[in-house]
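# Geometric and topological summary
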Amino acid sequence: MLENLTGRLQGVIKNLRGQARLTEENIADAMREVRMALLEADVALPVVKDFIAAVKARAQGKDVLQSLTPGQAVIEVVNDELIALMGKANEGLNLAAVPPAIILMAGLQGSGKTTTSAKLAKLLKEQKKKVLLASADVYRPAAIEQLKTLAQQLEIECFDSNASQAPLDIATATLDYAKRGYYDVVIFDTAGRLGIDEAMMAEIKALHAYLNPIETLFVVDAMQGQDAINTAKAFGDTLPLTGVILTKLDGDSRGGAALSVRHVTGKPIKYIGVSEKVDGLEPFYPDRMASRILG
Ligand code: GDP
């Protein structure tokens, strides 16, 4: 995870750590290197600019320059700003709704939406929630079956929808079933197309309006780098997202999406996908990710 970025930053850190004194010029050199590393990691340009400006402003202050270990002080500033960039603290799910609390899952096909729905259901089941999974992904062949199979494996109930039904009808029936069965949480998986299109947006907007979810989570493949960010932004512009789940971080050596998505969309990363397995979903902690990046 994020090996390339960490590798690139290691050199800068080593240089800084060795400095007994730092000048503004030393800092400017180091920042140039950090900037290159972030750009190579596919971090969005406006994010890189804001980040470097924030680090520079603090690193050239007298607290850092007059510190006994100025190199270390700069590294700490970089660490703090990385944490701030990714959202400061973990933001968990908000399930404070009259039950059932609805979680609407959105994202493109292949982003990992179906797998993530099941992973999330597993985490909530472990928190003793009565969870219902449901899928209105009537376009991808076998998507509904895939969710049913995962649910069965996890011993979690999955609403019995099928691909011949209209998504809104599935939503109506699911909600009715969940209310009658006193479910705490419904995780509602939706169709993911290959790209963003009007029909898809209209459909998910209608589902959102009907279900009135307390959480609308955008699932996005971290390996898509800046494309992931652009897709997240486009979804966020039409749908009131409450958070992002970044999947396939285990295969992402660069880290551009992880570092950019919060800044660009304004939405917190709530979870990260770290393996294909059903237990491969973790809450996202900006401070842990920053430590990992800095090695
Ligand atoms: P959907 O089309 O968005 O519903 O995508 P799927 O849930 O079918 O996932 C697409 C592929 O990505 C599958 O092969 C999943 O096993 C895989 N996948 C999903 N999340 C992760 C993850 O966090 N890490 C890895 N390595 N693979 C993942």
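It should be noted that the structure appears before, not after, this text.
Quick summary incoming for the structure in this document. Computed from a predicted structure; not experimentally measured. (Residues numbered from 1 in each chain as written. Predicted model: local features only at pLDDT ≥ 70, side-chain atom pairs only at ≥ 80, totals over all residues. Heavy atoms only, no water.)

## Considerations on unusual backbone geometry
Inclusion rule: The helix count covers DSSP runs of H or I at least four residues long, the strand count covers runs of E at least two residues long, and both are numbered beginning at the N terminus. Working definition: with a 1.4 Å probe on protein chains only, accessible area under 20% of the residue-type maximum means buried, over 50% means exposed, and in between means partly exposed.
The amide bond that connects proline 99 to the next residue, proline 100, takes the cis arrangement and shows omega of 0 degrees. Relative to the assigned elements, proline 100 resides in the loop between helix H5 (70-86) and strand S1 (101-106). Even without glycine at this site, leucine 2 takes up a positive phi of about 55 degrees. By the element assignment, leucine 2 lies in the segment before helix H1 (3-17). Given the relative accessible area of 0%, leucine 2 is considered buried. In the Ramachandran plot, lysine 88 falls in the positive-phi region, its phi being about 65 degrees despite a non-glycine side chain. Locating lysine 88 in the fold gives a position in the loop between H5 and S1.

## Digging into the site of the ligand
For the record, the criterion: The near set for a molecule or strand comprises every residue that places at least one heavy atom within 4 Å of it. Nitrogen and oxygen atoms within 3.5 Å of one another constitute a polar contact, given that in protein one can donate a hydrogen and the other can accept it, and given that sequence-neighbouring residues count only through two side-chain atoms. The method behind every accessible area is Shrake-Rupley, applied with a 1.4 Å probe, and residues are considered shielded solely by the protein chains displayed. Each residue gets one label: Ala, Val, Leu, Ile, Met, Phe, Trp, Tyr, Cys and Pro are nonpolar, Asp, Glu, Lys and Arg are charged, and the others, such as Gly, are polar.
In the vicinity of the ligand, 17 residues are found, and the nearest of them are Gly110, Lys113, Thr114, Thr115 and Asp250. Here an oxygen atom of the ligand and a backbone polar atom of glycine 110 are 2.7 Å apart. Glutamate 276 places a polar side-chain atom, nitrogen or oxygen, 3.4 Å from an oxygen atom of the ligand. Computed on the free molecule, the ligand has an accessible area of 580 Å², of which 81% lies beneath the protein chains in the complex. The greatest single-element share of the shell around the ligand, amounting to four residues, is contributed by helix H6 (residues 113-126). By residue class, the composition of the shell around the ligand is two nonpolar, nine polar and six charged.

## Points about the sheet that holds strand S8 (residues 281-283)
Using the following cut-off: The pairing criterion for strands is at least two bridges between them, as found by DSSP.
Pairing is mixed in the open sheet, where eight strands are placed in the order S3-S2-S4-S1-S5-S6-S7-S8. Here the strands that pair on one side only, and so sit at the sheet edges, are strand S3 (157-158) and S8. Sheet topology note: the S1/strand S4 (residues 185-189) ladder contains five bridges and is parallel. Looking at S4, one finds that isoleucine 102 is bridged to valine 186.

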